[in-house]
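Each chain, letter by letter, is given below.
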Amino acid sequence: GAVVSQHPSWVICKSGTSVKIECRSLDFQATTMFWYRQFPKQSLMLMATSNEGSKATYEQGVEKDKFLINHASLTLSTLTVTSAHPEDSSFYICSARAPGSGGTEKLFFGSGTQLSVL
Amino acid sequence: QQPVQSPQAVILREGEDAVINCSSSKALYSVHWYRQKHGEAPVFLMILLKGGEQKGHDKISASFNEKKQQSSLYLTASQLSYSGTYFCGTRSNDYKLSFGAGTTVTVRA
């Protein structure tokens, strides 16, 4: 199957600092990537849709100035958590939509990033 | 809007069967099933498209009833490796996947 690489796997930072998370599709081009947030024992909540070459689309309630998304190439999307606070601590997962048609597009997930803000 | 999954959790012995249900209040284009092990990313299992299709992956199969806006995942003769949290993802015509709350499956020897 397709491979999506997410880095870093975990990060601990001080409150007020910014953290960048990278998501790369290694063996296919992904015009669309998605960023999810997952709290312990809960579902994946879509934060935003990242489209190559255009502005990201954020879900309701997600602060676009706090969670900056850049999709500069067909294989790389980045999520920057700006001025992180303890309530931003969570498991962040990216996914890339592999090419397909007629609704057969599959999502391949990165391995996730556990962010802990002290 | 998130689909509704049931049950929340199920405990099985090896070799037993289980059914996980997923329903949506919106008209669905497709249903995706994923399994997530603790501390890992979700792994794709299968996609079901409109047309009431059924699919199988080893001894895990699924059905999709688009009229009822429901899908079911069937775990047959469960193995220890089936343990994990199963998520259904539903896609309407906006190309976004919304995930259910998940069903935690524990298979015991």
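As shown above, the structure is provided for reference.
Source: prediction; values computed, not measured. (Residues numbered from 1 in each chain as written. Chains lettered and ligands numbered in written order. Predicted model: local features only at pLDDT ≥ 70, side-chain atom pairs only at ≥ 80, totals over all residues. Heavy atoms only, no water.)

Caption draft 1: The state of the cysteines, seen in detail. Counted according to the given criterion, the structure contains 2 disulfides over all chains. A sulfur-sulfur distance of 2.0 Å marks the disulfide that ties A:C23 to A:C94. The disulfide joining A:C23 to A:C94 has a torsion of about 80° about its S-S bond and is therefore right-handed. With A:C23 in strand β3 (residues 19-25) and A:C94 in strand β9 (residues 90-97), this pair connects stretches of sequence that are 71 residues apart. On the accessibility criterion, A:C23 (0% relative accessible area) is buried. There is a disulfide in this structure between B:C22 and B:C88, and the S-S distance comes to 2.0 Å. In this structure the cystine formed by B:C22 and B:C88 twists about its S-S bond by roughly 70°; its chirality is therefore right-handed. Taken together, the residues B:C22 in strand β3 (residues 18-23) and B:C88 in strand β9 (residues 84-91) connect sequence positions 66 residues apart. The same class applies to B:C22 as to B:C88, namely buried. (Disulfide = S-S within 2.5 Å. Helix = DSSP H or I, 4+ residues; strand = E, 2+ residues; numbered from the N terminus. Buried < 20%, exposed > 50% of the residue type's maximum accessible area, 1.4 Å probe, protein only.)

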